[in-house]
Amino acid sequence: MSASLYPHLLAPLDLGFVTLPNRVVMGSMHTGLEDRPEDFPKLAEYFAERARGQVGLIITGGIAPNMAGWTKPFAGKLTNGREVGRHRLITEAVHEAGGLVCMQVLHAGRYAYHPFAVAPSRIKAPISPFTPRSLTRFGIMRQVSAFARCAELARRAGYDGVEIMGSEGYFINEFIAARTNRRDDEWGGAYANRIRLAVEIVRRSREAVGPDFILVFRLSMLDLIEGGSSPEEVRLLGQEIEAAGATLINTGIGWHEARIPTIAAMVPRAAFTWVTRQLRGHVNLPLITSNRINDPGVAEAVLSRGDADLVSMARPLLADAEFVRKAAENRVDEINTCIACNQACLDHVFESKSASCLVNPRAARETELRYLPAPARRRIAVVGAGPAGLSCATVAAQRGHAVTLFEAAAEIGGQFRLAQRVPGKEEFAETLRYFARQIELTGVEARFGQRATAEELVGEAFDEIVVATGVEPRIPTIEGVSRPEVLSYVDVLTGRAVAGSRVAIIGAGGIGFDVAEYLAHPAQSGASFHEQWGIDVHGEHRGGLLPDAGDGLPSERRVYLLQRKATPPGRGLGKTTGWIHRTTLKRRGVQMLTGIEYQRIDEAGLHLSTPSGPRVLEVDHVVICAGQEKCDGLATELSQLGASVHVIGGALLAAELDAKRAIEEGARLAAGF
Ligand code: NAP
Ligand code: SF4
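Below or above, wherever it landed, is the structure these notes cover. (Residues numbered from 1 in each chain as written. Chains lettered and ligands numbered in written order. Predicted model: local features only at pLDDT ≥ 70, side-chain atom pairs only at ≥ 80, totals over all residues. Heavy atoms only, no water.)

Moving on, we get to the site of ligand 2. Taken together, Arg315, Leu318, Cys338, Ile339, Ala340, Cys341, Asn342, Ala344, Cys345, Cys357 and Leu358 form the complete shell of residues around ligand 2. Residues of the shell around ligand 2, tallied by class, amount to nine nonpolar, one polar and one charged. (Near = heavy atom within 4 Å. Nonpolar A, V, L, I, M, F, W, Y, C, P; charged D, E, K, R; others polar.)

Here it is, written out as structure tokens:
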């Protein structure tokens, strides 16, 4: 085999009592499977698949050390011997697959979504409706003991270590920050007092587990909230954590209540590894860096320039369990790259649904969605190479079927291709690269640039015909809608039409927001991501926040985003990313109007009735983003010819279509052939 392209990433790391095979840590990511004992077999297989994919060290989703520490009622906890057994399923499965696994101990503190929340002080979090109870001194000691006992139980369950969650604004972090710790006893006040809890927990946990057990501390190195820690304080805490007995220090970036994006797609790759580098040389422990590292080349660069000793990736390992193996075998073009959309992982968790992955619907469903070798090779036609068709064709071919993929356009992607043109969604190109490579690898016969007819398909006597012909933009009935200054979002995003300096967008759904971002993006801002969001990269301000971040750059274009509903625009956007899109558009000066009715479009512009009376928007162009209609004519024709067809994706149901549903439908259908 040729030499590795990733020597730093694939180098082992000797921790004294155990050697990690490489520098990739699968970071903690809640899947929802942790919360129900009956889901532990699924969780075990989910981790085992990643261990077989050669990840160096796995860290589980957060497990509470006691009921007060639950993230929500009945969340996963490890507090007694009876709960050890279910965790053994995980540790045995991972060890059998040749991997190493740590359990994350997570105490939610005031972020707990239940009435038993506890905290250093009685201060409600902006993201929880529950006001926490302020702990007594005795209460604090009980929490410390709970952490130590939980670590000891984790050892009994066969884990190779634990990660103590000290960042993201959870319990331990709340003691560290003066903003949430107003105590005047030995647990509050001076910094040395505020970090006492973190240090005590590490010290007592080390005592409980002995020397040969991995103890990771996730340290909030950049709080991104007012009154957060300074770089000097982070260094001091790192040194104290080392002295208390930790094995590794992991990087936490931003509290959950911070209003700066830290992992969304618009955050540049590896945008925060400089934060970890600031701690290097001040502690002797190996450091793990994280956030938006989704590619082996990027990870290698981070490690080779000395920002950290290891990289943590959570979502990229949901997207592709074989990430490390593919990198090691120089098959990086085969990696199914995480596009940082959050749509099937974090958004699911925040909606209390179990997590999966938009580009890999098997993630966290390994036991039920299986791509087994086909019992008999069948001839399958898939019509349409958008996300649904691509997913169906490549999974079916991977299973051994003979698949022909028909696409009227000259290239794959369908509507998905448009997304990559939206600022901050460039990662979407990776999914098309992945599918293009899968077509080659699995031997799908691609017939592009020709529209398949029902007669042809029936004539070729396929065993199965899948119609994935997608959607077309809905054109609303508004007087003047066929005027030349009315454009479709497809015209705009493909660059076929260039919008003028004053634009009204009809429809404020996902695509209306995308088009608004595209149109309002400053042509040449010159400002970096950190400057745009007011992040202090020089370590001069507490919490990493610049005092006068300003409102960002307004757009040179005047953009109106319109909606008939009276509800706030962007309601349907993802929970974890909607606020970023709304904030960005606000900063760009996009005007959002709701509760309106469209009257007509003429040479004067777009005429509206608004709740405050009639109004004319004097615009150069009107862009229609009013949802889609399904394109299922081919399915009807096939049925009329007596053929049996499977219809998936937008061709089945255009409303609420997104790539998540399309890819999953394609994969599930193909898994059953
Ligand atoms: P959408 O989210 O359903 O939004 C359609 C918009 O058009 C709505 O704002 C609707 O608001 C308006 N509309 C519907 N019928 C209309 C009519 N006859 N006349 C005028 N306005 C009309 O659809 P989309 O924006 O096309 O997005 C398609 C799918 O892709 C969605 O499921 C979306 O979630 C997904 N997507 C998601 C993202 C993301 O960031 N997560 C990005 C892009 C796309 P009113 O009826 O109130 O006017
Ligand atoms: Fe990444 Fe999106 Fe998959 Fe989450 S759902 S792991 S963000 S690709």
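Past the structure itself, the notes keep going.
With that settled, the discussion passes to the site of ligand 1. Around ligand 1, the structure places 23 residues, and the nearest of them are Ala508, Ile511, Arg564, Lys565 and Leu657. Within the contact set of ligand 1, an oxygen atom lies 3.4 Å away from a side-chain nitrogen or oxygen of Lys425. In this structure, an oxygen atom belonging to ligand 1 sits 2.8 Å away from a side-chain N or O atom of Arg564. Expressed as a share of its isolated accessible area of 890 Å², the protein-covered part of ligand 1 is 79%. By residue number, the principal contributor to the shell around ligand 1 is helix H18 (residues 510–520), which donates four residues. Taken together, the residues of the shell around ligand 1 break down into eight nonpolar, eight polar and seven charged. Split by domain, the residues of the shell around ligand 1 number at least three in each of domain 2 (379–473 + 629–672) and domain 3 (486–626). (Polar contact = N/O pair within 3.5 Å; in protein donor to acceptor, adjacent residues only side chain to side chain. Areas by Shrake-Rupley, 256 points an atom, 1.4 Å probe, with all protein chains shown as cover. Helix = DSSP H or I, 4+ residues; strand = E, 2+ residues; numbered from the N terminus. Domains from an automatic or database assignment.)

With that out of the way, let us pick up the pattern of salt bridges. Within this structure, the stated rule accounts for 54 salt bridges. Arg542 is paired through a salt bridge with Glu233; the nearest N and O atoms lie 2.7 Å apart. With a gap of 309 residues between them, Arg542 in the loop between helix H19 (529–532) and strand E20 (558–562) and Glu233 in helix H7 (residues 231–244) connect regions that are remote in the sequence. Classification of Glu233 by relative accessible area gives buried; the value is 12%. Across the pair Arg379 and Glu460 runs a salt bridge whose closest N-O atoms are separated by 3.9 Å. Note that Arg379 is positioned in strand E13 (residues 379–383) and Glu460 in the loop between helix H16 (454–459) and strand E16 (464–467), a separation of 81 residues in sequence. Note on Arg379: relative accessible area 35%, which makes it partly exposed. Residue Glu460 is classed as partly exposed on the basis of its relative accessible area of 26%. Each of the salt bridges in this network shares a partner with another, and the network as a whole consists of Arg269, Arg292, Glu427, Glu430 and Arg433. (Salt bridge = Lys/Arg side-chain N within 4 Å of Asp/Glu carboxyl O. Buried < 20%, exposed > 50% of the residue type's maximum accessible area, 1.4 Å probe, protein only.)

Counting 152 residues, the largest nonpolar core has Ile90, Ile164, Ile172, Leu197, Leu237, Phe272 and Ile535 as its most contacted members. With residues up to four places along the chain from it excluded, the contact list for Ile172 reads Phe147, Ile164, Met165, Gly166, Leu197, Ala198, Ile201 and Phe217. Grouped together as the second largest cluster of nonpolar side chains are 24 residues, Leu487, Val492, Ala508 and Val559 included. (Core = buried A, V, L, I, M, F, W, Y, C linked by side-chain atoms within 4.5 Å. Contact = heavy atoms within 4.5 Å.)

Within the secondary structure, Tyr6 is located in the segment before strand E1 (13–14). The class for Tyr6 is buried, based on a relative accessible area of 7%. As for Tyr6 and Gly297, which are separated by 291 residues in sequence, their C-alpha atoms are 7.2 Å apart. Discounting chain neighbours no more than four positions away, the residues touching Tyr6 are Pro296, Gly297, Glu300, Ala327, Asn330 and Val332.

On to the sheet that holds strand E24 (residues 613–617), then. The three strands lie next to each other as E22-E23-E24, forming an open sheet whose pairing is antiparallel. Where the open sheet ends on each side, the last strands, each with one partner, are strand E22 (597–602) and E24. Pairwise comparison of adjacent strand axes, ignoring direction, gives a mean angle of 20 degrees for this sheet. Pairing analysis gives five bridges linking E22 to strand E23 (residues 605–610), with the strands arranged antiparallel. Counted as the bridge partner of Glu597 is Ser609 from E23. (Pairing = 2+ DSSP bridges. Axes fitted to C-alpha atoms, helices over the stretch in contact; angles between N-to-C directions.)

Here we come to helix H22 (residues 659–672). In a regular helix each residue adds 1.5 Å, so 14 residues correspond to 20 Å; H22 covers 20 Å between its end C-alpha atoms and thus fits that length. For H22, the buried fraction is high: ten of the 14 residues fall into the buried class. Taken as a whole, H22 has its buried residues at Ala659, Arg661, Ala662, Ile663, Glu665, Gly666, Ala667, Leu669, Ala670 and Ala671. Next to the buried residues of H22 lie helix H13 (387–398), helix H14 (416–419), helix H15 (428–442), E16 and strand E27 (645–647). (Expected span 1.5 Å × (residues − 1).)

Reading around the barrel, the eight strands line up as E3-E4-E5-E8-E9-E10-E11-E12 and close back on themselves, with parallel pairing between neighbours. The mean inter-strand angle of the sheet, taken between neighbouring strand axes irrespective of direction, is 30 degrees. Two elements, strand E3 (residues 24–26) and strand E4 (residues 57–63), share two bridges in a ladder whose sense is parallel. Across the sheet, residue Val25 finds its bridge partner in E4, namely Leu57. Here helix H3 (residues 137–156) sits on the sheet and contacts strand E5 (101–105) and strand E8 (161–166); the angle it forms with E5, its principal contact strand, is near 160 degrees. Along the sheet, helix H9 (residues 296–304) makes contact with strand E11 (287–289) and strand E12 (310–313), crossing E12 at roughly 145 degrees.

Turning our eyes to something else, we now look at the packing of H3 against helix H6 (residues 196–209). The N-to-C vectors of H3 and H6 enclose an angle of 35 degrees; their axes lie 8 Å apart at closest approach. You can see that H3 and H6 cross each other, and the crossing is right-handed. Across the interface between the two elements, Ile140, Met141, Val144, Ser145, Phe147, Ala148, Ala151, Glu152 and Arg155 of H3 pack against Leu197, Glu200, Ile201, Arg204, Ser205, Ala208 and Val209 of H6. The residue inventory of the contact of H3 with H6, partitioned by class, reads ten nonpolar, two polar and four charged. (Left-handed = near helix turned anticlockwise from the far one by under 90°.)

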